[in-house]
Amino acid sequence: MPTPTQPERAATIYDVARVAGVSASTVSRTFARPGQVRYATAERIRAAAEEVGYHSEVIHRPIAPSAIRRGTIALVIADISNPVFFELIRGAEEEAAQNGYLLLLAHTRESGVIEREALDRSADIVDGVILSSTRMSDSAVRTMARQKPTVIINRVVTGVPSIYVDHVGAAHQVMTHLQALGHTRVLYVAGPAASWANGMRWQAIKDYAAVNGMSVTSIQAPAPTMDGGAALAEQVRRLAPGAIVAFNDLIALGLMKSLRGHGLRTPGDYSIVGFDNSSGADLVEPGLTSIASPQYTLGATAARTLLALSAHGAARPTQDHSVKLPSRLVVRGSTGTA
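What counts and what doesn't
- Residues numbered from 1 in each chain as written.
- Predicted model: local features only at pLDDT ≥ 70, side-chain atom pairs only at ≥ 80, totals over all residues.
- Heavy atoms only, no water.
- Helix = DSSP H or I, 4+ residues; strand = E, 2+ residues; numbered from the N terminus.
- Buried < 20%, exposed > 50% of the residue type's maximum accessible area, 1.4 Å probe, protein only.
- Contact = heavy atoms within 4.5 Å.
- Areas by Shrake-Rupley, 256 points an atom, 1.4 Å probe, with all protein chains shown as cover.
- Axes fitted to C-alpha atoms, helices over the stretch in contact; angles between N-to-C directions.
- Parallel < 35°, antiparallel > 145°, perpendicular 65-115°, else oblique.
- Left-handed = near helix turned anticlockwise from the far one by under 90°.
- Nonpolar A, V, L, I, M, F, W, Y, C, P; charged D, E, K, R; others polar.
- Phe/Tyr/Trp six-rings, centres within 6.5 Å; stacked < 30°, edge-to-face > 60°.
- Pairing = 2+ DSSP bridges.
- Arc of directions from axis to C-beta.
- Polar contact = N/O pair within 3.5 Å; in protein donor to acceptor, adjacent residues only side chain to side chain.
- Salt bridge = Lys/Arg side-chain N within 4 Å of Asp/Glu carboxyl O.
- Right-handed = clockwise from strand over helix to strand, strands pointing away.

S.K.: For this particular structure, what's the right way to read the overall build of the protein?
M.R.: When helices and strands are tallied, the protein shows 12 helices and 12 strands. Taken over 338 residues, the protein has a buried fraction of 50%. Here the contacts in the protein between residues at least 6 apart in sequence split such that 70% fall between residues at least 24 apart. For the protein, the accessible area works out to roughly 16200 Å², and carbon and sulfur atoms hold 53% of it.

S.K.: Teacher, can you tell me more about the packing of helix H7 (residues 167-180) against helix H8 (residues 196-212) here?
M.R.: Working note: a packed helix pair is described by the angle between its axes plus the distance between those axes. Where H7 meets H8, the closest approach of the two axes is 8 Å, and the angle between their N-to-C directions is 45 degrees. Here H8 runs oblique to H7, going by the angle between their axes. H7 and H8 meet at a crossing whose hand is right-handed. On the side of H7, the interface is formed by His167, Val168, Ala171, His172, Met175, Thr176 and Gln179, while H8 contributes Trp196, Ala197, Met200, Arg201, Ala204, Ile205, Tyr208, Ala209 and Asn212. Looking at side-chain class alone, the contact of H7 with H8 contains 10 nonpolar, 5 polar and 1 charged residues.

S.K.: Is there a simple way to explain the packing of aromatic side chains in this structure?
M.R.: Each aromatic ring pair is described using two quantities: the centre-to-centre distance and the angle formed by the ring planes. Overall, the coordinates contain 2 aromatic pairs when judged by the stated rule. Relative to Trp196, the ring of Tyr164 has its centre 5.7 Å away and its plane inclined at 85 degrees; by these criteria the two rings are edge-to-face. Residue Tyr164 is located in strand E5 (residues 162-165), and its partner Trp196 is located in helix H8; the two are separated by 32 residues in the primary sequence. A residue is classified by how much of its surface remains accessible, and Tyr164, at 16% relative accessible area, is buried.

S.K.: Is there a simple way to think about the sheet that holds strand E4 (residues 150-153) in this case?
M.R.: With parallel pairing, the 6 strands of this open sheet are ordered in space as E2-E1-E3-E4-E5-E11. In this open sheet, the two edge strands, each paired with only one partner strand, are strand E2 (102-107) and strand E11 (322-325). Strand-to-strand twist in this sheet, taken as the mean axis angle between neighbours without regard to direction, amounts to 15 degrees. As paired strands, strand E1 (residues 72-77) and E2 are joined by 6 bridges and run parallel to one another. Looking at E2, one finds that Val76 is bridged to Ala106. Helix H12 (residues 295-311) contacts E1, strand E3 (128-132), E4, E5 and E11 of the sheet and is inclined by roughly 165 degrees relative to E4.

S.K.: In this structure, what is going on with the sheet that holds strand E8 (residues 243-246)? I would like to understand it.
M.R.: Two pairing modes exist for strands in a sheet, parallel and antiparallel, and in both the strands are linked by backbone hydrogen bonds. Spatial strand order, E7-E6-E8-E9-E10-E12: 6 strands in an open sheet with mixed pairing. Lying at the two open borders of the sheet, with one neighbouring strand each, are strand E7 (215-220) and strand E12 (328-330). With strand direction ignored, the average angle separating the axes of adjacent strands in the sheet is 20 degrees. Relative to E7, strand E6 (residues 185-190) is paired through 6 bridges, and the arrangement is parallel. Along E7, the bridge assignment pairs Tyr188 with Ser218. In the packing of H8 onto the sheet, the strands contacted are E6, E7, E8 and strand E9 (271-276), and the crossing angle to E7 comes to about 160 degrees. Sheet strands touched by helix H11 (residues 249-261): E6, E8, E9 and strand E10 (289-292). Its angle to E9, the strand with the most contacts, is close to 150 degrees.

S.K.: Looking at this structure, how should I read the environment of Gly182?
M.R.: With respect to the secondary-structure elements, Gly182 resides in the loop between H7 and E6. On the basis of relative accessible area, Gly182 is assigned to the partly exposed category, the value being 41%.

S.K.: Just checking my understanding: could you explain helix H5 (residues 112-122) for this structure?
M.R.: Three- or four-residue spacings in an α-helix give side chains the same orientation, since the helix completes a turn every 3.6 residues. The complete set of buried residues in H5 reads Glu115, Leu119 and Ser122. The buried residues of H5 occupy one face: seen down the axis, they fall within an arc of 75 degrees. Those residues of H5 that are exposed and aimed more than 90 degrees away from the buried face are Val113 and Arg121. Buried residues along H5 sit in contact with E1, E2, E3 and helix H6 (138-147). Residue Ser111 occupies the N-cap position of H5, its side-chain oxygen lying 3.3 Å from the main-chain nitrogen of Val113.

S.K.: Which parts of the structure should I look at to understand the pattern of salt bridges?
M.R.: Taken as a whole, this structure holds 8 salt bridges when the rule is applied. Glu94 is paired through a salt bridge with Arg90; the nearest N and O atoms lie 3.1 Å apart. Of this pair, Glu94 and Arg90 both sit in helix H4 (residues 84-98), 4 residues apart, which is roughly one turn of the helix. When its relative accessible area of 24% is taken as the criterion, Glu94 is described as partly exposed.

S.K.: Is there a simple way to think about the side chain of Ser327 in this case?
M.R.: Checked against the element boundaries, Ser327 lands in the loop between E11 and E12. Overall, the relative accessible area of 14% leaves Ser327 in the buried class. If we skip the residues at most four places from it in the chain, Ser327 touches Val165, Asp166, Ala170, Gln173, Ile291, Ala292 and Ser293.

S.K.: Help me understand the pairing of E4 in this model?
M.R.: For a regular strand, the rule is simple: side chains alternate between the two faces of the sheet. Neither face of E4 is left uncovered, since the one carrying Thr150 and Ile152 and the one carrying Val151 and Ile153 both have all their residues buried. Examined bridge by bridge, E3 and E4 share 4 bridges and lie parallel to one another. In the strand pairing of E4, Ser132 is matched with Ile153. In the classification by handedness, the crossover that spans E3, the intervening H6 and the parallel E4 is right-handed. Two strands pair when backbone bridges link them, and E4 and E5 are joined in this way by 2 bridges, in the parallel orientation. When the bridges of E5 are listed, Ile152 appears paired with Ser162.

Dropping the structure here:
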């Protein structure tokens, strides 16, 4: 009685590695991430795969030497749900695309730990990194810059190129406006403690108040979101400030809505100002007075700076390169006389 024929064993990456004289991990990278393997090595591996009959799930096609370069940069965003980042992302993406690069977006949910993990996982597949409103420490940012060309948005770290808004000038614009309306008591609703912009704004507000005889105090929002602002309504109502300056528009809008539920109206009972001039600022009634910053320009300038840095093959610049962009106050109905 004939013995059943054993099914022929399918070739594996280990068979390919043995014939090509490379490691199995190199074979895997050749088919999954071809930009990480030298052209000559990749061609030898492909020939070995054909010889042993190995078929990758990835479509096999010849790779021209000019296509070996990855041409990918990473943009790290603290909170992708915040509409202020939309124009920043668009600016960076369009600048990258015009120069033949793909933009990889990482959302870190306001966590320095998640940010570090995202960077570690993407380090081998990108040519450079843009950190927007990073929550990592200065030393962690500098470590990243030694590994990959790195540019920061809205943060200044010695030795790393930075593109940022004039937060001091912005805070002074806000305080000048409130003072002109007769406000002398101002509450600052703070954002994340790890936010460089938050620290700069609060210090500038305190300095302005000290020089101009105004009283300022600060409370911490549980999150830089509408829900975070709404959660503070009862506390703010007890403090009864004449004017409120919120870390961002989301906090301000959430607080406005919740205070309305407590019977308080703006600008009759209080004035409120946000930062970012995001899309929702002029969709509410009354419109939210807010600081507008050139988000598209921030993103485009950061990408342009990173690509120039990457083109020179340097992971760390020889000198600091910082660009400070102006901001402007957009006055709407949420602020009025004291």
